[in-house]
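# Secondary and tertiary structure notes
Here's the letter readout for the chains.
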Amino acid sequence: MQNGNLNTIWDILGTVPDPEIPVISVVELGVIRNVEFIENEYVISVTPTYSGCPAVKTFQDDIKTQLKANNINNFKIKIVYKPAWTTNWMTKKTKKKLKEYGISPPEDIAQCPQCNSTNIELISEFGATACKSLYKCSDCLEPFEHFKCI
Ligand SMILES: [Zn+2]
C-alpha cells in the first residue's frame, strides 16, 4: 500500500495509544498535527506535549512500530514545536475518556473524577509524570491525578 491514502495512515495512528494513558490514542491526544504524502513518502507532523516529557520518545517509537506492522515503511516523522501543544487540542470526547479512566481532565478547575467533588486537596504538583498533579478528594477520600492545563 504505497498509494498515498492518508485516511489509512490516520486510522493506523488512531490505534496507537498514548504511552501514559492507554485509553486515548495519540490522535485523540492531539499530538498528530498533519499527515501529508510528499514525493512518495508519508510525512507525519508530530507536536510533543510537554517539553521534556519522556513519553515523546516512546510515542514516536510506537508510531513507527505500528506503521511498520501495517506494512507502511515509506514515512518519516517530523517534530513540530510551533505552535506549542496545548490541552485545548484535546476534544471533549477525549476529556470524557480521561475522566472515565479516573484522571481529572485538563479543565480550569480540577474535579474528583469519582464523585465530581471540587472539595479537593493538592497533594503534589507532580503525579506519576510531570504532566499531571496529584490530588486527594476530601469527600470520597480517593486520590486522583489531574491533567494539567497548558
Ligand atoms: Zn471524590
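This part covers the environment of Val 80. You can see Val 80 is positioned in the loop between β3 (75–79) and α4 (92–100). Considered as a pair, Val 80 and Ser 45 are 35 residues apart in the sequence and their alpha carbons are 6.2 Å apart. Beyond its immediate stretch of four places on either side in the chain, Val 80 contacts Ser 45, Val 46, Thr 47 and Pro 48.

Taken in spatial order, the 4 strands of this open sheet run β4-β7-β6-β5, and their pairing is mixed. Since the sheet does not close on itself, it has two edges, and those belong to β4 (103–104) and β5 (120–124), each with one partner. Bridging between β4 and strand β7 (residues 143–147) involves 2 bridges; their strand directions are parallel. Looking across to β7, one finds that Ser 104 is bridged to His 146.

Many descriptions give the size of an interface as the accessible area lost when the pieces come together. Its domain assignment divides the chain into domain 1 (6–85) and domain 2 (90–147). Taking only C-alpha atoms into account, the centre of domain 1 sits 26 Å from that of domain 2. With 10 residues of domain 1 at the interface, the matching set in domain 2 holds 12 residues. Carbon and sulfur atoms make up 70% of the area that domain 1 and domain 2 hide from each other, which totals about 1000 Å². There are 2 salt bridges connecting domain 1 and domain 2. Here Glu 20 and Lys 132 are joined by a salt bridge, their closest N and O atoms 3.5 Å apart. Of the residues in the side of domain 1 that touches domain 2, the class split is 8 nonpolar, no polar and 2 charged.

This brings us to the coordination of the zinc ion. For the zinc ion, the protein coordination sphere consists of Cys 112 (SG), Cys 115 (SG), Cys 137 (SG) and Cys 140 (SG), at 2.3 Å. For the zinc ion, the 4 donor atoms are set out with angles of 106 to 117° between them, so the coordination reads as tetrahedral. Each donor residue of the zinc ion belongs to the same chain, and together they define the spacing C-x2-C-x21-C-x2-C. In this pair, Cys 115 sits in the loop between β4 and β5 while Cys 137 sits in strand β6 (residues 132–137), placing the two residues 22 residues apart along the sequence. On the basis of relative accessible area, Cys 115 is assigned to the partly exposed category, the value being 33%.

Time to look at the pattern of salt bridges. In this structure the tally under the stated criterion is 5 salt bridges. For Lys 76, the salt bridge is made with Glu 41, and the minimal N-O distance between the two is 3.9 Å. Here Lys 76, found in strand β3, pairs with Glu 41, found in strand β2 (residues 41–46); they are 35 residues apart in sequence, far enough to count as distant. Lys 76 sits in the partly exposed class, given a relative accessible area of 44%.

Criteria and thresholds
Residues numbered from 1 in each chain as written. Predicted model: local features only at pLDDT ≥ 70, side-chain atom pairs only at ≥ 80, totals over all residues. Heavy atoms only, no water. Helix = DSSP H or I, 4+ residues; strand = E, 2+ residues; numbered from the N terminus. Contact = heavy atoms within 4.5 Å. Pairing = 2+ DSSP bridges. Domains from an automatic or database assignment. Buried area = accessible area lost by both parts, 1.4 Å probe. Salt bridge = Lys/Arg side-chain N within 4 Å of Asp/Glu carboxyl O. Nonpolar A, V, L, I, M, F, W, Y, C, P; charged D, E, K, R; others polar. Donors = N, O, S within 2.8 Å, 3.2 Å for Na, K, Ca; no water. Tetrahedral: all angles 85-135°; square planar, octahedral: opposite > 155°, others 65-115°. Buried < 20%, exposed > 50% of the residue type's maximum accessible area, 1.4 Å probe, protein only.

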